[in-house]
Amino acid sequence: MMQKRDYYEILGVSRDAGEGEIKKVYRKLAMKYHPDRNPGNEEAVEKFKEAAEAYDVLRDSEKRQIYDRFGHEGLEGSGFRGFSGFEDIFSSFGDIFEDFFSFGNRSRRKNRSRKGNDLRYDLNLTFEEAFSGKEDSLTFYKQESCETCLGSGITPGSEAQVCGTCQGNGQVMRSQGFFQISTTCPACHGEGQIITDPCQDCNGAGKVKAKRNITVKIPPGVDTGSQLRLRGEGEAGDHSGPPGDLFVVIHVKRHDFFTREGDHLLCEIPISFVQAALGDRITIPVLGKDGGEDLKIPAGLQPGEVLSMRGQGMPRLQGGHRGDLFVNFKVIIPKKLSQHQRELLEEFAKTKEFKNPKKKGKFFGIG
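Residues numbered from 1 in each chain as written. Predicted model: local features only at pLDDT ≥ 70, side-chain atom pairs only at ≥ 80, totals over all residues. Heavy atoms only, no water.

Asker: Please explain the overall build of the protein chain as it appears in this structure.
Answerer: Looking only at helices and strands, the protein chain has nine helices and 17 strands in total. By the burial criterion, 36% of the 367 residues in the protein chain qualify as buried. Within the protein chain, residue pairs in contact and separated by at least 24 positions form 63% of the contacts whose partners lie at least 6 positions apart. Accessible area of the protein chain: about 23000 Å², with a carbon and sulfur share of 49%. (Helix = DSSP H or I, 4+ residues; strand = E, 2+ residues; numbered from the N terminus. Buried < 20%, exposed > 50% of the residue type's maximum accessible area, 1.4 Å probe, protein only. Contact = heavy atoms within 4.5 Å. Areas by Shrake-Rupley, 256 points an atom, 1.4 Å probe, with all protein chains shown as cover.)

Here is the structure:
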């Protein structure tokens, strides 16, 4: 079995290429190797199929993620089999070709089913909610299939008329140089039919705006930018096409005490110079634990020194374990001292161990 080429290599894009760049490059390759432009050229046909498969994977965030991590074998394990033939390719990417090629009789179908639009819902969470996870109720509006006409846009009992401009093809032909160009019919907008008796409930659109309430479970450990994909909760498709998906985009409010870096948390704790010198045991606030957690400060702690508390950070979305909590200590020097405090420090300063480590004009080895 011939080994498949790398999809990024096929399209000639980098691994961090965006959706717009990928579509633009694929469109050029599809025009170059389209069968109508390369009659009898089997090599061009194979490159056309190869580019279509690469585009199908890299334009889909879910398939692309699997491919980036596990390669072709990972895709095959997920059930991906590519395209069965030209009909499958043209059905999936017809919008890319329709303004350039005359393949209407081969692949354009009247009332071709189309997937509905995806929707986005922005959900705000507190830092604590992101830590523990929660169930939340989402309320939004979307276009759903009209129940009266079952999405056809036609009054029940009536029928649509064949478009007289394109004779039901949904496309009209015109010549340009050596090529025949097929474009969307301006009369029926590519549908191939005209609705003369539109449904009154949806005004012929086949869809109505409806209020939707759903409950979504937010897993512990989400962060700003995390997305939850709810399949089938987007808008209704056209001509019995599947509905789109709903993407819930998470926004986590900043915390007054903790700073987040991935699964780890950072905080700053002020201590006195006496605690730093002698050591101490203090209580550190910890998410998910009332009363916090005790932490031992070792004697001789230096300003800015960081101690870690393992497993006291944020939950990991995959794996269930928690990151660490890093505590940065800020040593506070008092601006005012009592007479007794000053006398004690002056006495301490006279001790042999506290004298500056300098000899013969050299300070810390410099000079």
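Asker: Explain the nonpolar core here, please?
Answerer: Most often, soluble globular proteins have nonpolar side chains that are buried together. Counting 38 residues, the largest nonpolar core has Ile271, Ile284, Leu325, Val327 and Phe329 as the members making the most contacts within it. Excluding residues that lie within four positions of it along the chain, Val327 makes contacts with Cys267, Ile269, Ile284, Leu295, Glu305, Val306, Leu307 and Met309. Within the second largest apolar cluster, 23 residues are counted, among which are Leu11, Ile22, Leu29 and Ala54. (Core = buried A, V, L, I, M, F, W, Y, C linked by side-chain atoms within 4.5 Å.)

Asker: Just to check I follow, could you spell out the packing of helix H3 (residues 42-58) against helix H4 (residues 61-77) for this structure?
Answerer: When two helices pack together, their arrangement is given by the angle between the helix axes and the distance between those axes. The geometry of H3 relative to H4 is characterised by a closest axis approach of 9 Å and an angle of 130° between their N-to-C directions. Relative to H4, the element H3 lies oblique. In contact with Asp56, Val57 and Leu58 of H3, H4 contributes Lys63, Arg64, Tyr67 and Leu75. Its residues placed into classes, the contact of H3 with H4 shows four nonpolar, no polar and three charged. (Axes fitted to C-alpha atoms, helices over the stretch in contact; angles between N-to-C directions. Parallel < 35°, antiparallel > 145°, perpendicular 65-115°, else oblique. Nonpolar A, V, L, I, M, F, W, Y, C, P; charged D, E, K, R; others polar.)

Asker: Please clarify how the packing of aromatic side chains should be interpreted in this entry.
Answerer: The way to describe two aromatic rings as a pair is by their centre distance and the angle between their planes. What the rule picks out here adds up to five aromatic pairs. The interplanar angle of 35° and the centroid separation of 6.2 Å between the aromatic rings of Tyr8 and Tyr67 together place this pair among those described as tilted. Of this pair, Tyr8 sits in helix H1 (residues 7-11) while Tyr67 sits in helix H4, placing them 59 residues apart in sequence. On the basis of relative accessible area, Tyr8 is assigned to the buried category, the value being 2%. You can call Tyr67 buried: its relative accessible area is 4%. (Phe/Tyr/Trp six-rings, centres within 6.5 Å; stacked < 30°, edge-to-face > 60°.)

Asker: Teacher, can you tell me more about the confidence of the model for the protein chain here?
Answerer: Keep in mind that low pLDDT regions are not for reading the predicted coordinates in detail. On average, residues of the protein chain score 84 in pLDDT, and 85% of them are at 70 or above. Taken element by element, the predicted model of the protein chain shows its lowest mean pLDDT in helix H6 (residues 104-107) (39) and its highest in strand S14 (residues 306-309) (96). Between residues 98-110, whose pLDDT stays under 50, and residues either more than four places distant or in other chains, the model counts 45 contacts. A low-confidence stretch, residues 359-367 stays under pLDDT 50, and its non-local contacts, those more than four residues away or across chains, total four contacts. (pLDDT = per-residue confidence, 0-100.)

Asker: Quick question: what am I supposed to make of unusual backbone geometry here?
Answerer: Peptide bonds are mostly trans, and most non-glycine residues show a negative phi. The backbone phi angle of Leu150 is positive, close to 60°, even though this residue is not glycine. Locating Leu150 in the fold gives a position in the loop between strand S2 (134-145) and strand S3 (161-162). Since its relative accessible area comes to 72%, Leu150 is described here as exposed.

Asker: Got a minute to help me understand the environment of Asn124 in this structure?
Answerer: Within the element layout of this structure, Asn124 appears in strand S1 (residues 119-125). By relative accessible area, Asn124 is classed as exposed at 61%. In this structure, the C-alpha to C-alpha distance between Asn124 and Ile250, residues 126 residues apart in sequence, is 6.2 Å. Every residue in contact with Asn124, bar those within four places of it in the chain, is listed here: Glu129 and His251.

Asker: Would you mind showing me how to read the sheet that holds S1 here?
Answerer: As summarised here, the arrangement of the three strands in space is S1-S9-S8, forming an open sheet in which the pairing is mixed. Unpaired on one side and paired on the other, S1 and strand S8 (227-230) mark the two borders of the sheet. Sheet twist, expressed as the average angle between the axes of neighbouring strands with direction ignored, equals 25°. In this structure, S8 lies alongside strand S9 (residues 246-252), joined through four bridges in antiparallel fashion. When the bridges of S9 are listed, Gln227 appears paired with Val249. (Pairing = 2+ DSSP bridges.)

Asker: What is the right way to read helix H2 (residues 19-33) from this model?
Answerer: The α-helix advances 3.6 residues per turn, and as a result positions three or four apart in sequence lie on the same side. Over its 15 residues, H2 extends 21 Å from the first C-alpha to the last, a length consistent with the 21 Å expected when each residue adds 1.5 Å. Those residues of H2 that fall on the buried side of the exposure criterion are Ile22, Tyr26, Leu29, Ala30 and Tyr33. Down the axis of H2, the buried set is contained in an arc of 100°. They therefore lie on one face. Residues of H2 that are exposed and point more than 90 degrees away from the buried face comprise Gly20, Lys24, Lys28 and Lys32. (Expected span 1.5 Å × (residues − 1). Arc of directions from axis to C-beta.)

Asker: Would you take a moment to explain the state of the cysteines for this structure?
Answerer: Here, disulfide denotes a covalent bond that connects the sulfur atoms of two cysteines. In this structure the tally under the stated criterion is zero disulfides. Here Cys146 is not cross-linked by a disulfide; its sulfur's nearest cysteine counterpart is in Cys149, at 3.7 Å. Cys149 forms no disulfide, and the closest cysteine sulfur to it belongs to Cys202, at a distance of 3.7 Å. We classify Cys149 as buried; its relative accessible area is 7%. (Disulfide = S-S within 2.5 Å.)

Asker: Help me out: how do you make sense of the packing of H2 against H3 in this one?
Answerer: The interhelical angle for the contact between H2 and H3, taken along N-to-C directions, is 165°, at an axis separation of 9 Å. Between H2 and H3, the angle is such that the two are roughly antiparallel. For the pair H2 and H3, the crossing hand works out as left-handed. Listed contacts from H3 to Ile22, Lys23, Tyr26, Leu29, Ala30 and Tyr33 of H2 are Ala44, Lys47, Phe48, Ala51, Ala52, Tyr55 and Leu58. Residues belonging to the contact of H2 with H3 are distributed by class as follows: 11 nonpolar, no polar and two charged. (Left-handed = near helix turned anticlockwise from the far one by under 90°.)

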